[in-house]
Amino acid sequence: MTRLRRLTRQEARSLLTGLLFISPWIVGFVAFRLYPFFASLYYSFTFYPILASPKWVGLENYAGLLEDGRFLSGLFNTAYYAFFAVPLAALSGILLAMLLNSEVRGLSVFRTVFYLPSIMPVVVMAITWLWMFDPINGVVNYFLEMVGIPGPAWLGSPQWSKPALIVMSLWTVGGAVVIYLASLQDVPRELLEAAELDGANAMRKIWHVTLPMISPVIFFNVIVGLIAAFQYFVEPWVMSNGTGAPADSLLMMSMYLYQSAFQFFKIGYASAQAWVLFLIVILFTTILFRVSGRLVYYGGK
Amino acid sequence: MTASTELPTPNRLANEHPNAASSQVTRIVTNGAKYLLLLMFAFFFVLPWAWMVSTSLKNPSELAVYPIVWIPNPIRWDNYSDALRQADFLRYLVNTIQIAIPSVIGAVLSNSLIAYGFARVRWIGRDAVFTLVLATLILPSFVTFIPLYLIFKNLNWINTYNPLIVPTFLGNPFFIFLLRQFFMTLPEELSDAARVDGASELRIFAQIVLPLARPALAVVALFQFIGSWNDYFGPLIFINDRALYTISLGIANMRAAYGFSNSAWIMAASVMSVVPIVVLFFFTQRTFIEGITMTGIKG
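Time to look at the overall build of chain A. When helices and strands are tallied, chain A shows 15 helices and two strands. For 301 residues, the compact-globule estimate of 2.2 N^0.38 gives 19 Å, and the C-alpha radius of gyration of chain A, at 24 Å, exceeds that figure by more than 25%. Taking the principal axes of its C-alpha atoms as reference, chain A extends roughly 70 × 70 × 30 Å. Per-residue burial over chain A gives 41% buried out of 301 residues. Taking contacts inside chain A between residues at least 6 apart in sequence as the whole, the part at least 24 apart equals 67%.

Pasting the structure below:
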């Protein structure tokens, strides 16, 4: 109350105006984010078969997860995917952007070719690649055979199904390429010229000038990519018809969560998985922010 | 070669000259390697499109032959009419449009209002609340989707498009951020002049700021349209009545029901679902590229 009284009439007015402008967000935030956030935390401590009301069970769901082989598979598969897909996307994204930034002819054509897959419906992409990876009639093994490599069974093999998805994920790296390219074009020319005068070769210029200058953008893309990788769902779901086959090798955390909720109707158990997923995302985001303090260069901004 | 090394012409850099021939060779080699690499990547990026279009025109006998048939003979356009008949594809198309258009309206309206509140109105606590908006960007949708499902179920919204459309009227942190960045670049004097004339904040928003923000609003509209058009997860949770299926649900369902031997007409359906967005992209390419850079760079 004391705090409110200290507001001048002008301040109170603009507070009201501001809140009115953002009121759609307030409604959406409270109803569709804040409430569901705490509701799922509560459900995660309950036994809640969708048709009955939730019953408090404490940490039972979380304890159950530790002994649930399918949950652990999901955890492993998701970690495997993120561990390879996120760094590879960063590397290939930066490489492609650097190639495009080196005064190539047909820049806009290449940029379009690289970007276009990003707007393809994910379902269409998943099905197209599914058939491209067909071990007998697919185009991937067809080309591998041309160069003398016997192609694996890809999505038919528990060892090769995740590598197949990682290869496919690189197909949508174009959005990141556009961002990297724009940031490369912002690297001050004087810095590169100064490094050249000091006798730096191309590799040293990239390592000591270009990469530090675009490091905030790399950091942004890695964070976004990592959060997306932990929630990887549509591609493995569509390609395995919602099963995670073969041998649960494509069962991601998100997929087992979905199955638990909507196929086994275990709302409490699924919510516990959602919270484990959330805590993992928070953990890695925090680690990345910590590490970035040393690696990311925010000079001048 | 020998003579010119002794007497460098003055308009050449001294250090370039002794190795002129070898540096020329290096340049040709690096250039060649560069284009080779680019073309290899381009091949990787084009291949799935080629595969999709080629398969959509194949005769059943051409699906499983070695070597791969790239140009079907004869070209089988009937795959497209098969897709329309077999899978009620036109209905999926209409359904998807029925979701995408209101969602675009919702996204443009709500996010511009909200972003204006964060960019152009000064109020106590604003920056703290904006931090909260950004924080929700890292909140995984998998944390909230079960309670959301239960909310919409209680509202009797399952098997309606409301769960997909209504939230677009309540703001999206990504779009709020994007529009806020844009609004902040507009000169404050514009609003001040109008304020002196006694214009209300809502009027300044609608008559001065919004018209200037058209490029940014176009980005929001485009991204929301693509997002709604391509969405699979939302419809998967909230829609299970086949008559209400969207394109993505429909195509995923076709492939679940039919296998590789039916890939020709399923790829035809896929091509039809992709063409509208590809056409949209080519007409709005600049807006697109600007939009992506806007969102990425200032992060």
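Here the narrative resumes.
What follows deals with unusual backbone geometry. For the bond from Ala 245 of chain A to Pro 246 of chain A, the omega torsion is 0°, close enough to zero to count as cis. Looking at the secondary structure, you find Pro 246 of chain A in the loop between helix H13 (234-239) and helix H14 (253-262). Cis geometry marks the peptide bond from Asn 73 of chain B to Pro 74 of chain B, where omega comes out at -5°. With respect to the element layout, Pro 74 of chain B can be found in the loop between helix H2 (20-56) and helix H3 (78-86).

Let us now look at the packing of helix H12 (residues 202-230) of chain A against helix H15 (residues 267-295) of chain A. Residue and element names in this part refer to chain A. Direction vectors running N to C along H12 and H15 enclose 165°, while the axes themselves pass 10 Å from each other. Taken together, the axes of H12 and H15 are roughly antiparallel relative to one another. Judged by the twist between their axes, the crossing of H12 over H15 is right-handed. Here Ser 215, Phe 219, Val 222, Ile 223, Leu 226, Ile 227 and Phe 230 of H12 lie close against H15, whose contacting residues are Leu 277, Ile 280, Val 281, Phe 284, Thr 285, Leu 288, Ser 292 and Leu 295. Here the residues of the contact of H12 with H15 are counted per class, giving twelve nonpolar, three polar and no charged.

This part takes up the domain arrangement of chain B. Residues and elements named next belong to chain B. Partitioning chain B into domains gives domain 1 (2-56) and domain 2 (79-297). A straight line from the C-alpha centre of domain 1 to that of domain 2 covers 42 Å. Opposite the four residues of domain 1 that make contact, domain 2 presents seven residues. Looking at the side of domain 1 that touches domain 2 residue by residue, the class counts come to two nonpolar, two polar and no charged.

Moving on to the environment of Ile 166 of chain A. Residue and element names in this part refer to chain A. Looking at the element boundaries, Ile 166 is found in helix H9 (residues 161-169). On a C-alpha basis, the gap between Ile 166 and Ala 89 in space is 9.3 Å, while along the polypeptide they are 77 residues apart. Aside from chain neighbours lying at most four places away, what touches Ile 166 is Tyr 81, Phe 84, Ala 85 and Leu 88.

This part takes up the interface of chain A and chain B. Counting residues at the interface gives 70 residues for chain A, matched by 69 residues for chain B. Grouping the constituent residues of the side of chain A that touches chain B by class yields 52 nonpolar, 15 polar and three charged.

About the criteria used
- Residues numbered from 1 in each chain as written.
- Chains lettered and ligands numbered in written order.
- Predicted model: local features only at pLDDT ≥ 70, side-chain atom pairs only at ≥ 80, totals over all residues.
- Helix = DSSP H or I, 4+ residues; strand = E, 2+ residues; numbered from the N terminus.
- Rg over C-alpha atoms; globule rule 2.2 N^0.38 Å.
- Buried ≥ 20, exposed ≤ 12 C-beta atoms within 10 Å, placed from the backbone.
- Contact = placed C-beta atoms within 7 Å.
- Axes fitted to C-alpha atoms, helices over the stretch in contact; angles between N-to-C directions.
- Parallel < 35°, antiparallel > 145°, perpendicular 65-115°, else oblique.
- Left-handed = near helix turned anticlockwise from the far one by under 90°.
- Nonpolar A, V, L, I, M, F, W, Y, C, P; charged D, E, K, R; others polar.
- Domains from an automatic or database assignment.

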